[in-house]
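The chain contents come next:
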Amino acid sequence: MLIGNVGRDPEVRYLDGNSAQGTKVATFTLATSERYRDRNGELRENTEWHNIVAWRQSADVCEKFVRKGTQLYIEGRLRTRSYTDSTGAKKYTTEITVDNLQLLGRRDSGDDMGSAAPQGGYQAQPAYQQPAYQQPAYQAPKPAAPVQQAPAAAAQEQPIDISLDSPTDDLPF
């Protein structure tokens with residue numbers, strides 16, 4: 001699962017020749033960033049780049065709605081493959097094959113995507129997005145309420161039902 005910004009416009013290709021019958025595939029890069037404070041208290045940022053491969057309907061959504069800078073949520077699988085470059089050296093690359101893709105953030109008003117909303121369950125999200133992880137804010141513990149003692153005679157007068165066949169028992173064992 002990744003949340004990041006698209007690094008370049010998706011490159012869309014069709015396998016098996018023509019666009020009418022070929023399988024659509026879109027490739028692009030996605031940047032994910034991690035911010036933290038080092039030992040000196042300075043804010044540091046580490047950015048990782050991921051190669052993304054989207055097939056069929058996901059590639060169609062990428063072609064229509066994804067541009068450089070678009071914020072995306074992606075679920076997918078890692079795939080490592082090898083190839084031989086132009087010098088004859090064997091190279092390896094790791095890609096993320098998209099299983100689920102969601103557009104995040106808001107669309108710019110001056111873009112060329114038109115006013116149509118994405119189809120197929122891919123919905124643009126509101127402008128504010130909560131970060132994927134946010135350290136919980138410190139909350140001071142609340143003082144405990146004083147415990148009131150019940151008279152011993154009242155506790156003995158009310159029997160406790162401990163039947164094993166209680167229909168309200170929701171314990172899994």
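Residues numbered from 1 in each chain as written. Predicted model: local features only at pLDDT ≥ 70, side-chain atom pairs only at ≥ 80, totals over all residues. Heavy atoms only, no water.

Just checking my understanding: could you explain the side chain of Thr93 for this structure?
Structurally, the position occupied by Thr93 is in strand E6 (residues 90–104). For Thr93, the contacting residues outside a window of four places in its chain are Asn51, Arg79, Thr80, Arg81 and Tyr83. (Helix = DSSP H or I, 4+ residues; strand = E, 2+ residues; numbered from the N terminus. Contact = heavy atoms within 4.5 Å.)

Looking at this model, I keep getting lost on the nonpolar core. Mind explaining?
Nonpolar side chains in soluble globular proteins tend to end up buried together. If you look at the biggest cluster of nonpolar residues, it comprises 18 residues, and the most contacted ones within it are Phe28, Leu30, Ile52, Cys62, Leu72, Ile74 and Leu101. Broken down by secondary-structure element, the contributors of at least two residues to this core are strand E1 (2–6), strand E3 (23–37), strand E4 (43–55), helix H1 (56–65), strand E5 (71–84) and E6. The contact partners of Leu72, leaving out residues within four places of it in the chain, are Leu2, Ile3, Gly4, Val6, Phe28, Leu30, Val66, Leu101, Gln102, Leu103 and Leu104. (Core = buried A, V, L, I, M, F, W, Y, C linked by side-chain atoms within 4.5 Å. Buried < 20%, exposed > 50% of the residue type's maximum accessible area, 1.4 Å probe, protein only.)

I keep staring at the environment of Ala31 and nothing clicks. Help me out?
One can find Ala31 in strand E3. Given a relative accessible area of 12%, Ala31 falls into the buried group. Sequence-wise, Ala31 and Asn51 are 20 residues apart; in three dimensions their C-alpha atoms are separated by 9.2 Å. For Ala31, the residues in contact, after removing those within four places along its chain, are Gly4, Asn5, Thr47, Glu48 and Trp49.

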